[in-house]
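Now for the letters of each chain:
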Amino acid sequence: MASNKKVLLKVIILGDSSVGKTSLMNQYVNRKFSNQYKATIGADFLTKEVTIDDRTVTMQIWDTAGQERFQSLGVAFYRGADCCVLVFDVTAPNTFKSLDSWRDEFLIQAAPREPDNFPFVLLGNKVDLEPRAISAKRAQQWCQAKNNMPYFETSAKEGLNVEQAFLAIAKNALAQQNQSVDLYNEFPDQIKLTNTQKSNGGGDSCAC
Amino acid sequence: MDELPSEVDLLIIGTGFIESIISAAASRIGKSVLHLDPNDYYGNQWGSFNLQALLDYNPDPSEPCDFRNKSFSLKNFHYEWLMEDQKEDLLKNSRKFNIDLTPKLHYCRGDFVQLLITSNIARYSEFRSVTRILTWLNGQLELVPCSRSDVFASQKVSVVEKRVLMKLLTSLDDILDSENTHNFKKFLESRKLSDNLVTYVMAMAGATEHTSLGEGVKSVKRFLDSLGRFGKTPYLFSMYGSGEIAQAFCRLSAVFGGIYALNQQNLISLDSEDNRITSLTTTKQQIRAQNYVTSLEQCSEKFLRPVKINNYISRAILITNKSILPSEQEQLSFLIYPEGTERIINVFELGSLTGTCPKNYYLVHLTSKQVTTPQEDFKGALGNLFSGSDQPQIIFSCYFSIPETSDLDFENVPENLFLCPGPDNDLDYNSSIQKAREIFEKMYPDLEFLPRAPDPEEIIIGD
Ligand SMILES: Nc1nc2c(ncn2[C@@H]2O[C@H](COP(=O)(O)OP(=O)(O)O)[C@@H](O)[C@H]2O)c(=O)[nH]1
Ligand SMILES: [Mg+2]
């Protein structure tokens, strides 16, 4: 794969409502944290450029926009993900128990070509809070059983480990994309609608 | 598990195309929206299904309830495996299929594309150009020339005809005023166009022998106006199927605070008093809203009188093993197939590049006004396209009828209840967008319909 090619990595963040998904991406991209998010305007997706082994890649991180709250994420949300970040709250045991079903849901909906090798990363968030319900050891055990999924303990509130976690996420996403792009580009020449009247996709435009 | 909110500005039931646009538009201007669906999938009759989910589709669940109106469900739903030996392989690839109940095309300069751009919803979806337009002439498939260069390259069109056609196409604006014949086809013939050319222009207009001059000219203009923007034809198709579109609008609604809950099996009733809906009762709670929007499919009989459905849309979905007109590269074809004198069958042939079917297969959608039954309505076309030894074979077929509800009127509907019809027989979404806009404007007369949403990086949370 040509290394000067512009790379866009799509990352989606899954996990129970309130575990801190939106906070994590907001902390990572905007270096901001809020204790209460206004219900009127949510997060959409955020982009950030990262450099990995001298390559600059654009990471596009997609928030669930709250649609996970009543299990209503549509299949469209999962399309084309290069990495899936699972998040639980280390003080809320139920959010840890849900991880299996979030992972399964991702594999069913996104239907990646090689489900066994698809990169997931697990984040145990809110480590600034007490009391802790899920120990690091327990989380690591879960990860080991899942093809050695990388695990990070984070605090979106204090910005702890957030940068490191997302860097690992980007690396995993890139490795995944390198693999699949080398095999074949599944859907070349898609059209994104833009405000410019120009046509997309090179020689596809019409000369009339 | 969380509880749903007990009070919102707008409560919407059903996630079809029209309801989803209204949801996005209301959330966008700051209204609190609760958007529910008894189904566990997005889109109602506008949704897409993987192969297994299509096989499991149950248009008429045996238990009727206040939120499933049988009058408006799909009729004549029936599927069949014609090549049993392929079944296993296809079901293994079930998730590679995204099969639309209601496939649509988008004019490159039509209202839909415009709305996606001006509202900034375009960022949630990708498209593919229709790569060729075909029609059926003298017992065979013909490519419809789409551009000046196509016309000039065509060997089926003589030099003289080329000139006549260009003149005709460039003078459409004047025609309406100057011609007094009222039938589009007769008009074309009176212009001394050959049979070939008449067929091409009729295909551009999607016209039958009964199409009026005004309609025909308008449609050809729409076709020509959308050329040259994206790709070789005036049409786009949504990646992964048309069902993605409702989800894109729902996402925008959610980003602006809309609350989503699918699979709501516990709805009991919409309660009314003095010709107003007062609340939604579920098994767990009561939810109050100022306005209520519901799909007809999910609206109780008690608010819908009289129900008299006059027209149905015939649909067929086929999985085939090769293209109706094989070529080196995978094509996304739109075939305009005239059937008899008053009906057009719209045929979309989708390959794996559309994200709606696996490699080495084609997904074929047929849509037409219903005359008898879907099977009968498509018999002639299928015989012509899929029966010869060198023609593609049909592996799987599915037929159903969609009730046409876009022009129904009901009496004494509660004043704060707004009803969204199901799919229409149009090629595109224009009339449905119009319907969504009308409902929005009735609820919020002075507010802007889907103004440009800020880019994600303009949304700073936590300030
Ligand atoms: N103490 C603490 N609170 C957090 C942390 N991350 C998120 N929160 C809070 O947890 C709540 C839910 O966070 P949010 O990002 O909306 O969760 P989401 O539903 O997963 O997107 C908010 O009140 C946040 O302020 C964290 O690391 N530490
Ligand atoms: Mg969130």
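You'll find the structure just up there.
Let me sum up the structure you'll find in this document. (Residues numbered from 1 in each chain as written. Chains lettered and ligands numbered in written order. Predicted model: local features only at pLDDT ≥ 70, side-chain atom pairs only at ≥ 80, totals over all residues. Heavy atoms only, no water.)

### Here's the deal with the overall build of chain B
Worth spelling out the cut-off: The way it works is that DSSP assigns letters per residue, a run of H or I at least four long becomes a helix, a run of E at least two long becomes a strand, and they are numbered from the N terminus. Computation of the radius of gyration draws on C-alpha atoms alone. For the globule rule, the value is 2.2 Å times the number of residues to the power 0.38. Burial classes: relative accessible area under 20% of the type maximum marks a residue as buried, over 50% as exposed, and values in between as partly exposed (1.4 Å probe, protein chains only). Any two residues whose heavy atoms approach within 4.5 Å at even a single point are treated as in contact. Accessibility throughout is a Shrake-Rupley quantity obtained with a 1.4 Å probe, and a residue counts as covered only by protein chains that appear here. Note that His is not counted, nor are the chain ends; the positive residues are Lys and Arg, and the negative ones are Asp and Glu. Every charge is mapped onto a representative atom, which is NZ of Lys, CZ of Arg, CG of Asp or CD of Glu.
For chain B, the helix and strand inventory stands at 13 helices and 20 strands. Relative to the globule expectation of 23 Å for 463 residues, the C-alpha radius of gyration of chain B, 23 Å, shows essentially globular dimensions. For chain B, the C-alpha atoms occupy an extent of roughly 70 × 55 × 50 Å along the three principal directions. With 463 residues in all, chain B has 61% of them scored as buried. Across chain B, the fraction of contacts at a sequence separation of at least 24, relative to all contacts at a separation of at least 6, is 75%. Entry remark: accessible area of chain B is about 18,500 Å², with carbon and sulfur atoms responsible for 44%. Counting 45 positive and 61 negative side-chain charges, chain B places the centres of these two groups 5 Å from one another.

### What to know about the overall build of chain A
Within chain A, the secondary structure is distributed over five helices and six strands. Reading chain A from its N terminus to its C terminus gives the helix and strand order β-α-β-β-β-α-α-β-α-β-α. For chain A, the proportion of its 208 residues judged to be buried stands at 49%. Considering only contacts in chain A between residues 6 or more positions apart, those separated by 24 or more positions represent 71%. Taken as a whole, chain A presents about 9,900 Å² of accessible surface, with 46% of it coming from carbon and sulfur.

### Quick look at the sheet that holds strand 7 (residues 127–129) of chain B
Residues and elements named next belong to chain B. Our working rule: Pairing between two strands requires that DSSP report at least two bridges joining them.
Taking strand neighbours across the sheet as the criterion, the three strands line up as 6-10-7 in an open arrangement whose pairing is antiparallel. With one partner strand each, in any of the chains shown, strand 6 (106–107) and strand 7 form the two edges of the open sheet. With three bridges joining them, strand 7 and strand 10 (residues 235–238) adopt antiparallel strand pairing. Paired with Ser129 across the strands is Leu236, a residue of strand 10.

### Some words on the site of ligand 1
Residues and elements named next belong to chain A. Short version of the rule: Proximity criterion: a residue is near a molecule or strand once any of its heavy atoms comes within 4 Å of it. Under this definition, polar contacts are N or O atom pairs within 3.5 Å; protein pairs additionally need one hydrogen-donor-capable and one acceptor-capable atom, and for neighbouring residues in sequence, both atoms have to be side-chain atoms. In this classification, Asp, Glu, Lys and Arg are treated as charged, Ala, Val, Leu, Ile, Met, Phe, Trp, Tyr, Cys and Pro as nonpolar, and every other residue, Gly included, as polar.
Close contacts around ligand 1 come from 20 residues, with Ser18, Lys21, Ser23, Asn35 and Asp128 the closest. At a separation of 3.3 Å, an oxygen atom of ligand 1 approaches a polar backbone atom of Val19. With respect to ligand 1, the side chain of Asn125 contributes an N or O atom lying 3.2 Å from a nitrogen atom. For ligand 1, whose free accessible area comes to 570 Å², the fraction covered by protein is 85%. A total of three residues in the shell around ligand 1 trace back to one element, the largest contributor, which is helix 1 (residues 21–30). Considering only residue class, the shell around ligand 1 consists of five nonpolar, nine polar and six charged.

### What about the packing of aromatic side chains?
Going by this rule: Any two rings among Phe, Tyr and Trp, with Trp reduced to its six-membered ring, count as a pair given centres within 6.5 Å; such a pair is stacked if its planes are under 30 degrees apart, edge-to-face if over 60, and tilted if neither. Note on criteria: charge over ring means Lys NZ or Arg CZ within 6 Å of the ring centre, with the direction from the centre no more than 35 degrees off the ring normal.
Under the criterion given, the structure shown has 34 aromatic pairs over all chains. Ring centres of Phe106 of chain A and Phe118 of chain A lie 4.9 Å apart, and the angle between their planes is 40°; this geometry places the pair in the tilted category. Here the residue Phe106 of chain A occupies a position in helix 3 (residues 99–110), and Phe118 of chain A occupies one in the loop between helix 3 and strand 5 (120–125), the gap between them amounting to twelve residues. Its relative accessible area of 7% is what places Phe118 of chain A among the buried residues. Taking the ring centre of Tyr240 of chain B as reference, the NZ or CZ of Arg79 of chain A above it sits at 4.3 Å.

### Re the pairing of strand 9 (residues 140–143) of chain B
Pairing between strand 8 (residues 132–137) of chain B and strand 9 of chain B: four bridges, direction antiparallel. Paired with Trp136 of chain B across the strands is Leu141 of chain B, a residue of strand 9 of chain B.

### A look at the pairing of strand 4 (residues 83–89) of chain A
Residue and element names in this part refer to chain A. Of all seven residues in strand 4, seven are buried; the element is thus mostly enclosed. For strand 1 (residues 7–14) and strand 4, the ladder comprises four bridges, and the chain directions are parallel. When the bridges of strand 4 are listed, Ile13 appears paired with Val85. Bridge count for strand 4 against strand 5 is six bridges, and the pairing is parallel. Its bridge partner lying in strand 5, Leu86 is registered against Leu122.

### Thoughts on the pattern of salt bridges
Formally: Basic side-chain nitrogens of Lys or Arg form a salt bridge, by our definition, when they fall within 4 Å of a carboxyl oxygen of Asp or Glu.
Under the counting rule described, the total for this entry stands at 18 salt bridges over all chains. Of the charged contacts, one joins Arg132 of chain A and Glu153 of chain A as a salt bridge, the two residues approaching to 2.6 Å between their closest N and O atoms. A residue pair is termed long-range when its members are at least 10 positions apart, and Arg132 of chain A in the loop between strand 5 and helix 4 (136–145) and Glu153 of chain A in strand 6 (residues 151–153) qualify at 21 residues. With relative accessibility at 33%, the residue Arg132 of chain A sits in the partly exposed group. The partner of Glu126 of chain B in a salt bridge is Lys192 of chain A, with the nearest N and O atoms 3.1 Å apart. With one member in each of two chains, Glu126 of chain B in the loop between helix 4 (111–119) and strand 7 and Lys192 of chain A in the segment after helix 5 (162–183) form a pair that bridges those chains. Taken together, the shared-partner salt bridges in this structure form one network comprising Asp44 of chain A together with Arg123 and Arg251 of chain B.

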